[in-house]
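Now for the letters of each chain:
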Amino acid sequence: MRLILLFAVFAVLGLAFESAGARIFSFRALIPNLIIILAVDLGLRHHGVLPAILAFAMGYATDALAGSHPGLNAFMTTMVFLVSYEISTRLMVANAGVGATVVFFGVIATALGTVAIANGIGSLSSTGPMLPSLTLQAFITALIAPLVFSILATFKRLIGLPDGTARDPHSRAR
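Definitions and cut-offs
Residues numbered from 1 in each chain as written. Predicted model: local features only at pLDDT ≥ 70, side-chain atom pairs only at ≥ 80, totals over all residues. Heavy atoms only, no water. Core = buried A, V, L, I, M, F, W, Y, C linked by side-chain atoms within 4.5 Å. Buried < 20%, exposed > 50% of the residue type's maximum accessible area, 1.4 Å probe, protein only. Helix = DSSP H or I, 4+ residues; strand = E, 2+ residues; numbered from the N terminus. Contact = heavy atoms within 4.5 Å. Salt bridge = Lys/Arg side-chain N within 4 Å of Asp/Glu carboxyl O. Axes fitted to C-alpha atoms, helices over the stretch in contact; angles between N-to-C directions. Parallel < 35°, antiparallel > 145°, perpendicular 65-115°, else oblique. Left-handed = near helix turned anticlockwise from the far one by under 90°. Polar contact = N/O pair within 3.5 Å; in protein donor to acceptor, adjacent residues only side chain to side chain. Phe/Tyr/Trp six-rings, centres within 6.5 Å; stacked < 30°, edge-to-face > 60°.

Trainee: Which residues make up the nonpolar core, and what values go with them?
Mentor: By size, the foremost hydrophobic cluster in this structure holds 36 residues, and its most contacted members are F7, L38, V40 and M58. Within the residue set of this core, elements represented by two or more residues are helix 1 (2–24), helix 2 (34–45), helix 3 (49–66), helix 4 (72–90), helix 5 (96–119) and helix 6 (131–158). Ranked by residues supplied to this core, first place goes to helix 2 with nine residues. If we skip the residues at most four places from it in the chain, M58 touches F7, A11, I35, L38, A39 and L42.

Given below as structure tokens:
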């Protein structure tokens, strides 16, 4: 229950920041994708069904606020969670650098995957003009990811949650 509440609060704050940021900055690439950071943290540090459901719910909340194709953000956020989870099971260390790298590629994959699913795979050939701003957004998001991971870890400790860095395959999120 504590994990649900923690990620619900952070998802609401992240979505509020992204929504407000879109009104403040006319250049969308300057606004980090905080939901992807949260999904990567869940995938790298929390294993089980509950974190997967949380990733889906965060994507679904994004769809509710800004999704032009219902379920698309939910699907892409869940995919980022699953890739993060798979990476965490293969690596001995899932530190902030690994997380930031996964976030960088997660932002790019989410944007390109959304374009491909929404408009057809052939539409990827016309994404060249969006790549510079997409790369900038991915870089900014990856740059702040370690800070967000650190804040999440602090709040997890404060509310008595395991930080998820243990490599025990039998440990589960509470």
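Following the structure, the description resumes.
Trainee: Quick one: what's the story with the pattern of salt bridges, residue by residue and with numbers?
Mentor: The full count for this structure, using the stated rule, is three salt bridges. Between R45 and D41 there is a salt bridge, with the nearest N and O atoms lying 3.3 Å from each other. Taken together, the residues R45 and D41, both in helix 2 and four residues apart, mark about one turn of the helix. Accessibility expressed as a relative area gives 12% for R45, which makes it buried. With a relative accessible area of 1%, D41 lands in the buried category. A salt bridge links E86 to R90; its shortest N-O distance comes to 2.4 Å. In this pair, E86 and R90 both sit in helix 4, four residues apart, roughly one turn of the helix. Residue E86 is classed as partly exposed on the basis of its relative accessible area, which comes to 33%. Classification of R90 by relative accessible area gives exposed; the value is 64%. Ionic contacts of the salt-bridge type, sharing partners, join the residues D41, R45 and K156 into one network.

Trainee: So, the packing of helix 2 against helix 6: which residues are in play, and what are the values?
Mentor: Following both chains from N to C, one finds helix 2 and helix 6 inclined at 55°, their axes separated by 10 Å at the closest point. Relative to helix 6, the element helix 2 lies oblique. Judged by the sense of rotation from one axis to the other, the crossing of helix 2 with helix 6 is right-handed. From helix 2, L34, I37, L38, V40, D41 and R45 reach across to helix 6, where they touch T141, I144, A145, V148, F149, L152 and K156.

Trainee: Report on the side chain of N33, specifying residues and quantitative values.
Mentor: In this structure, N33 sits in the loop between helix 1 and helix 2. With relative accessibility at 17%, the residue N33 sits in the buried group. A distance of 3.2 Å separates the side chain of N33 from the backbone nitrogen of I36, its partner in a polar contact. Other than its neighbours up to four places away in sequence, N33 contacts E18, V107, Q137 and T141.

Trainee: Tell me about the packing of aromatic side chains, and name the residues and values.
Mentor: Overall, the coordinates contain four aromatic pairs when judged by the stated rule. Consider the rings of F81 and Y85, whose centres lie 6.4 Å apart with planes at 25°: the pair is stacked. Residue F81 and its partner Y85 are located together in helix 4, separated by four residues, close to a single helical turn. By relative accessible area, F81 is classed as buried at 2%. Judged by centre distance (5.2 Å) and plane angle (90°), the ring pair of F104 and F105 falls under edge-to-face.

Trainee: Go over the side chain of T77, please, and point to the residues and values.
Mentor: Looking at the element boundaries, T77 is found in helix 4. Those residues in contact with T77, other than ones at most four positions away along the chain, are I35, A39, A55 and G59.

Trainee: Would you mind going over the environment of A22 in detail, with residue names and values included?
Mentor: With respect to the helices, strands and loops of the structure, A22 is situated in helix 1. A relative accessible area of 43% means that A22 is categorised as partly exposed. Sequence separation between A22 and M1 is 21 residues, and the spatial gap between their C-alpha atoms is 31 Å.

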